[in-house]
Amino acid sequence: MAFEADWIAPAAEYDRDSAIIFLKNFKTKNKISSAKLLVTCLGVYEARINGSRVGEFILAPGFTAYQKRLQYQEYDATKMLKANNILEIEVGTGWYRGKIAKKAPKLYDAPCGLIAQLNVEYADGSTDVIATDESWKTKRSQVLFSDIYDGETCDATFTDKKARFAKKLEWTRKILIPEEGEIVKEHERLKPTLFKTPKGERVLDFGQNMTGYVEIELDAHAGDEIIFDCAEVLDAEGNYYRDNYREAAAKIHYICCEGHNLYNPKFTFMGFRYMRLLKYPGRVNPDAFTGICVYSDIKQTGYLKSSNKNLNRLFENIFWGQKDNYLDIPTDCPQRSERMGWTGDAQVFARTASYNFDVEKFYTKWLSDMTAEASDIGQIPKIVPQIWAESEGMKSWAFNNSSAWGDASTVCPWEMYLTYGNPDILKRQYKTMTGWVDYITGVTKDKYLWTGHFQYGDWLGIDAPEGSYEGASNKDLIAAAFYAYSTSLVIKAGKILKKNVTKYEELYKNIVKTFRETFPEYKTQTEYALALHFNLAKDKAKEAKKLADMVISNGNKLTTGFVGTPYLLHALSENGYADVAYSLLLQEEYPSWLFSVRMGATTIWEHWDGKKEDGSFWSDKMNSFNHYAYGAVADWVYGVAAGINRVEEAPGFKEIVIKPVPDKRLSWLEASIKTRCGLVSSKWVYEGDKVRYEITTPSPATIIIEGKTYRVKEGTYLF
Ligand code: BGC
């Protein structure tokens with residue numbers, strides 16, 4: 001449905017960060033058969049008809065490559081209309097005009113624009129269109145301040161008695177697109193406990209590092225104030241610690257009205273487990289507070305469980321990390337002044353993400369933004385949507401992306417294709433996939449490698465000296481390995497789409513050959529993991545043995561960062577060292593996945609040493625406790641421990657290979673995925689030295705149990 005409406009903006013001068021209510025009174029003439037409301041804005045909005053909220057989308061219209069793609073929502077408002085109506089649409093700064101866009105003046109300096117249109121159809125066949133124009137009015141909302149990073153100020157005693165006419169805004173309608181992603185919604189509701197820190201601060205603990213906001217419900221007097229900010233962790237002494245939020249104030253200031261108050265922020269979200277009360281009228285009743293989790297409406301499809309309590313907590317942390325960071329785009333973290341669609345993070349976690357939840361629609365939207373943002377020469381920006389490239393001097397930095405980050409352009413569509421079986425995603429993304437590979441080919445200093453370019457390397461790998469963000473792995477080796485990997489995915493995708501891929505096949509052969517000549521030896525776990533898992537090492541058996549020895553002599557501890565971690569366990573188990581992979585998975589000492597669990601983590605940390613054994617912190621500059629990247633280990637648990645594997649020739653689990661790899665250190669493990677074909681599950685249980693297997697497949701499957709192969713139809717099988 002196309003928009004006929006005009007863009008409008010307030011004619012009055014309001015504070016730039018206060019929310020504005022656009023309103024329109026109108027009558028309906030007749031019996032209504034249908035009413036559809038179309039809305040979007042430059043910011044984030046909440047629409048209400050006759051005082052009731054329209055739809056459930058929190059922070060609509062969502063976060064896209066705004067200069068090229070701005071989603072609008074379409075709501076069914078048929079049952080909401082009466083004879084006399086008031087349509088109010090409240091607009092906050094959001095991602096568009098908030099501090100998050102400060103480096104993008106074209107967004108940040110934009111006016112508070114709105115475009116909306118209510119199409120009414122009457123039973124007698126006549127129609128009405130109530131569209132934004134200069135007959136609409138504006139007034140200041142009770143939300144006196146809102147910002148994604150900084151929080152919200154709401155004065156429930158405030159009423160703007162002076163509604164003023166809006167003015168027409170010259171703004172393009174060409175960027176408007178129908179909603180593509182999942183809506184962002186409220187989900188779990190968590191109740192807190194109250195405690196006093198050693199410093200005497202009153203803190204609420206919601207028990208879980210979460211993303212969303214806090215609802216307050218209490219009886220109060222007009223003018224009573226509640227002020228709080230939030231944090232993810234406590235320090236070594238048990239005091240409130242929020243230095244890792246950088247420039248995100250994440251603060252709520254609420255001024256009560258007389259009597260009953262029920263408030264939750266409208267135009268912000270925060271990542272937090274704890275909340276510090278800076279002001280509260282009288283005795284604090286924790287029951288007045290509810291943590292509301294807010295994230296994209298992705299449905300859980302994956303389940304992991306084992307006999308090990310800490311491992312189960314790790315699995316939960318992985319699921320929470322995904323929910324907390326899948327708020328319309330895959331963010332790096334939900335708390336500090338970042339919350340960006342970092343390409344590398346999304347790449348690393350894509351397969352796990354697609355098993356844990358149904359993210360096909362979520363990724364389709366985000367990848368379309370990536371395609372919209374890709375440069376003419378195929379560069380993929382570091383973050384998508386790219387809101388940094390807009391500012392003077394930032395463009396070249398923003399597009400100077402690294403391997404493993406830019407490779408999100410090839411890896412993410414490929415993973416979505418394999419999990420959901422729909423080639424459309426490859427069709428839509430193919431040009432961006434080839435564009436990325438061609439870009440590397442065009443800029444590399446040394447042919448068939450990727451040299452002479454900025455690289456993040458093995459980001460946060462811990463084999464470099466403390467304080468360094470980059471691990472010790474050779475950046476050029478990583479870049480060449482991903483160049484090969486992306487090229488191999490372009491070839492596979494191209495063949496499915498019946499494209500001529502000869503050029504890429506040739507390129508791939510040459511990259512592999514050059515890689516082998518240039519990097520005959522490996523010196524870090526990440527280098528081994530990439531060379532092995534991407535099939536680049538010449539003598540895999542020999543190199544795998546060296547990797548296994550390296551891990552064992554390091555006390556069964558990893559040293560990998562963002563780039564190596566997702567592949568390390570695979571590189572070991574693919575080459576006969578599943579036991580060493582299990583040792584890493586089950587390691588409880590630092591550095592390891594279970595170390596963070598032992599330290600009380602309820603989500604995945606950005607750093608292996610985010611919080612150290614003595615309770616001290618790595619650094620406050622870059623220390624998120626809710627970064628999902630290392631949660632990518634779940635794909636090893638689904639794919640190797642439980643042994644559930646997709647088949648490239650029959651994607652979407654139309655065929656399945658199930659090859660569980662049990663380990664006696666766990667007495668049982670179970671994984672399942674609700675696939676497009678039905679539920680696949682794999683469970684193994686130790687009974688003495690023997691293992692019992694229970695496998696359910698919704699599709700024809702090849703089941704490999706202790707070296708024996710069985711071809712089966714759909715059904716449940718016991719071995
Ligand atoms: C983000 C990361 C991201 C990285 C790029 C950080 O600030 O939080 O997760 O991938 O920058 O190196």
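The text that follows walks through the structure, step by step, so that each part is easy to find. (Residues numbered from 1 in each chain as written. Predicted model: local features only at pLDDT ≥ 70, side-chain atom pairs only at ≥ 80, totals over all residues. Heavy atoms only, no water.)

### What about the overall build of the protein chain?
Summing up its helical and strand segments, the protein chain has 16 helices and 35 strands in all. The C-alpha extent of the protein chain, read off along each of the three principal axes, is 80 × 65 × 55 Å. Looking at the 719 residues of the protein chain, the share that counts as buried comes to 63%. Sequence separation of 24 or more characterises 73% of the internal contacts of the protein chain that already satisfy a separation of 6 or more. Taking the average place of the 91 positive charges on the side chains of the protein chain and the average place of its 95 negative ones, the gap between the two points comes to 2 Å. (Helix = DSSP H or I, 4+ residues; strand = E, 2+ residues; numbered from the N terminus. Buried < 20%, exposed > 50% of the residue type's maximum accessible area, 1.4 Å probe, protein only. Contact = heavy atoms within 4.5 Å. Lys, Arg positive; Asp, Glu negative; His and termini not counted. Charge placed at Lys NZ, Arg CZ, Asp CG, Glu CD.)

### Description of the sheet that holds strand 34 (residues 708-712)
Read across the sheet, four strands follow the order 28-29-33-34 without closing on themselves; strand pairing throughout is mixed. Looking at which strands have only one partner, the edges of the open sheet turn out to be strand 28 (644-646) and strand 34. The mean angle between the axes of side-by-side strands here comes to 20°, regardless of whether they run parallel or antiparallel. Alignment of strand 29 (residues 656-658) against strand 33 (residues 701-705), held across three bridges, turns out to be parallel. The residue of strand 33 that forms the bridge with Ile656 is Ala701. (Pairing = 2+ DSSP bridges. Axes fitted to C-alpha atoms, helices over the stretch in contact; angles between N-to-C directions.)

### A look at the nonpolar core
If you look at the biggest cluster of nonpolar residues, it comprises 208 residues, and the most contacted ones within it are Ile89, Trp95, Trp136, Leu314, Val359, Tyr363 and Trp366. For this core, the leading source of residues is helix 9 (residues 475-496), giving 13 residues. Listed in part, the 35 residues of the second largest apolar core include Cys154, Leu204, Cys230 and Trp320. (Core = buried A, V, L, I, M, F, W, Y, C linked by side-chain atoms within 4.5 Å.)

### Some thoughts on the packing of aromatic side chains
All chains considered together, the criterion is met by 48 aromatic pairs. For the ring pair Tyr485 and Phe534, a centre distance of 4.3 Å and an interplane angle of 15° mean the geometry is stacked. Here Phe534 lies in the loop between helix 11 (525-533) and helix 12 (540-553) and Tyr485 lies in helix 9, a separation of 49 residues in the sequence. For the pair formed by Tyr485 and Phe534, the shared burial category is buried. Judged by centre distance (5.9 Å) and plane angle (90°), the rings of Trp684 and Tyr686 are edge-to-face. (Phe/Tyr/Trp six-rings, centres within 6.5 Å; stacked < 30°, edge-to-face > 60°.)

### Remarks on the side chain of Thr697
Along the chain, Thr697 falls in strand 32 (residues 690-697). Among the polar contacts listed, one links the side chain of Thr697 to the backbone oxygen of Ser699, at a separation of 2.6 Å. Those residues within four positions of Thr697 in sequence are excluded, and the remaining contacts are Ile656, Ile658, Leu679, Val712, Lys713, Glu714, Gly715 and Tyr717. (Polar contact = N/O pair within 3.5 Å; in protein donor to acceptor, adjacent residues only side chain to side chain.)

### Observations regarding the site of the ligand
All residues in the neighbourhood of the ligand are listed as Asp332, Arg336, Glu338, Trp342, Asp345, Trp405, Tyr456, Trp459, Phe562, Glu606, Met622 and His627. Asp332 is positioned such that a nitrogen or oxygen atom in its side chain is 2.7 Å from an oxygen atom of the ligand. The side chain of Trp405 places a nitrogen or oxygen atom 2.9 Å from an oxygen atom of the ligand. When the free accessible area of the ligand is taken as 310 Å², the share hidden by the protein chains comes to 97%. Of the residues belonging to the shell around the ligand, the class tally is six nonpolar, one polar and five charged. (Near = heavy atom within 4 Å. Areas by Shrake-Rupley, 256 points an atom, 1.4 Å probe, with all protein chains shown as cover. Nonpolar A, V, L, I, M, F, W, Y, C, P; charged D, E, K, R; others polar.)

### Things to note about helix 4 (residues 343-356)
In a regular helix each residue adds 1.5 Å, so 14 residues correspond to 20 Å; helix 4 covers 19 Å between its end C-alpha atoms and thus fits that length. Of all the bends in helix 4, the greatest measures close to 60° and is centred on Ala350. Helix 4 sits mainly inside the fold: 14 of its 14 residues count as buried. (Expected span 1.5 Å × (residues − 1). Bend = angle between axes of the 7 residues up to and from the residue.)

### Quick notes on the sheet that holds strand 30 (residues 668-675)
A sheet is described by the order of its strands in space; here five strands give the open sequence 25-30-31-32-35, paired in antiparallel fashion. Because the sheet does not close on itself, it has two edges, and the strands there are strand 25 (302-306) and strand 35 (715-718). This sheet shows a mean twist of 5° between the axes of neighbouring strands, independent of strand direction. With five bridges connecting them, strand 25 and strand 30 associate as antiparallel partners. Pairing of Lys305 across the sheet is with Glu670, part of strand 30.

Geometric values such as these leave the question of function open.
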